[in-house]
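Close look at the chain arrangement
Listed below are the residues making up each chain.
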Amino acid sequence: ALHNLDKAVPWYDRLLGAPGQRPVKEVSEWRLPRGGCLQVFQDPKRAGHSSITLVVSDMDQQLDQLKSLDIKLGPTTTSESVRTAIVHDPDKLAR
């Protein structure tokens with residue numbers, strides 16, 4: 001859920017590498033290349049209270065790509081079996 005769908009969608013387009021579709025005016029969605037879909041919608045009361053997890057095959061490449069797209073990275077973690085990077089969408093700043 002987002003505060004402002006129209007302001008947030010360009011950031012998601014950059015993050016996911018393709019423009020989303022608008023099946024209805026309140027929703028934008030992206031089909032993921034290996035299956036699945038990400039759908040976001042405008043609902044200011046619920047905005048900022050959710051998360052998603054995306055799995056990538058090359059974390060270093062993905063982090064470099066995000067930096068080149070000027071997508072700000074939060075903390076990263078590494079364990080024996082997984083590496084994670086947190087990315088916050090800027091929607092809460094686009095009210």
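Look above for the structure.
What comes next is a walk through the structure. (Residues numbered from 1 in each chain as written. Predicted model: local features only at pLDDT ≥ 70, side-chain atom pairs only at ≥ 80, totals over all residues. Heavy atoms only, no water.)

Focus on the packing of aromatic side chains
Where we set the bar: Centres within 6.5 Å are what make two rings of Phe, Tyr or Trp a pair, Trp counting through its six-membered ring; a difference in plane orientation under 30 degrees is then read as stacked, over 60 as edge-to-face, and the rest as tilted. When accessible area is computed with a 1.4 Å probe and restricted to protein chains, residues below 20% of their type maximum are described as buried, those above 50% as exposed, and intermediate ones as partly exposed.
As enumerated under the stated definition, the model contains 2 aromatic pairs in all. Residues Trp11 and Tyr12 carry aromatic rings whose centres are separated by 4.9 Å and whose planes lie at 85° to one another, so their mutual orientation is edge-to-face. We classify Trp11 as buried; its relative accessible area is 9%. The exposure class of Tyr12 is buried, given its relative accessible area of 8%.

Description of the side chain of Ser28
Cut-off, in case you're wondering: Numbering goes from the N terminus for both helices and strands, where a helix is a DSSP run of H or I of at least four residues and a strand is a run of E of at least two. Identification of polar contacts relies on pairs of N or O atoms within 3.5 Å, with a donor-acceptor requirement for protein atoms, meaning one able to donate a hydrogen and the other able to accept it, and with residues adjacent in sequence counted only if both atoms are side-chain atoms. Any two residues whose heavy atoms approach within 4.5 Å are treated as being in contact.
With respect to the helices, strands and loops of the structure, Ser28 is situated in strand E2 (residues 27-31). Side-chain polar atoms of Ser28 contact the backbone oxygen of Gln21, separated by 3.5 Å. If near-sequence neighbours (up to four positions away) are discounted, Ser28 is found in contact with Leu5, Val9, Gly20, Gln21, Arg22, Leu38, Gln39 and Val40.

Brief notes about the pairing of E2
Using the following cut-off: A strand pair is defined by DSSP finding two or more bridges across the two strands.
The buried fraction of E2 is high, at 4 of 5 residues. Bridge count for strand E1 (residues 21-24) against E2 is 2 bridges, and the pairing is antiparallel. When the sheet's bridge partners are listed, Gln21 is paired in E2 with Glu29. Turn length for the E1-E2 hairpin, with the two strands adjacent in sequence and antiparallel, is 2 residues. As defined by bridge partners, E2 adjoins strand E3 (residues 37-41) across 5 bridges and the pair is classed as antiparallel. Counterpart to Arg31 in the pairing with E3 is Cys37. Counted between consecutive antiparallel strands, the loop separating E2 from E3 contains 5 residues, among which Gly35 sits at a positive phi close to 110°.

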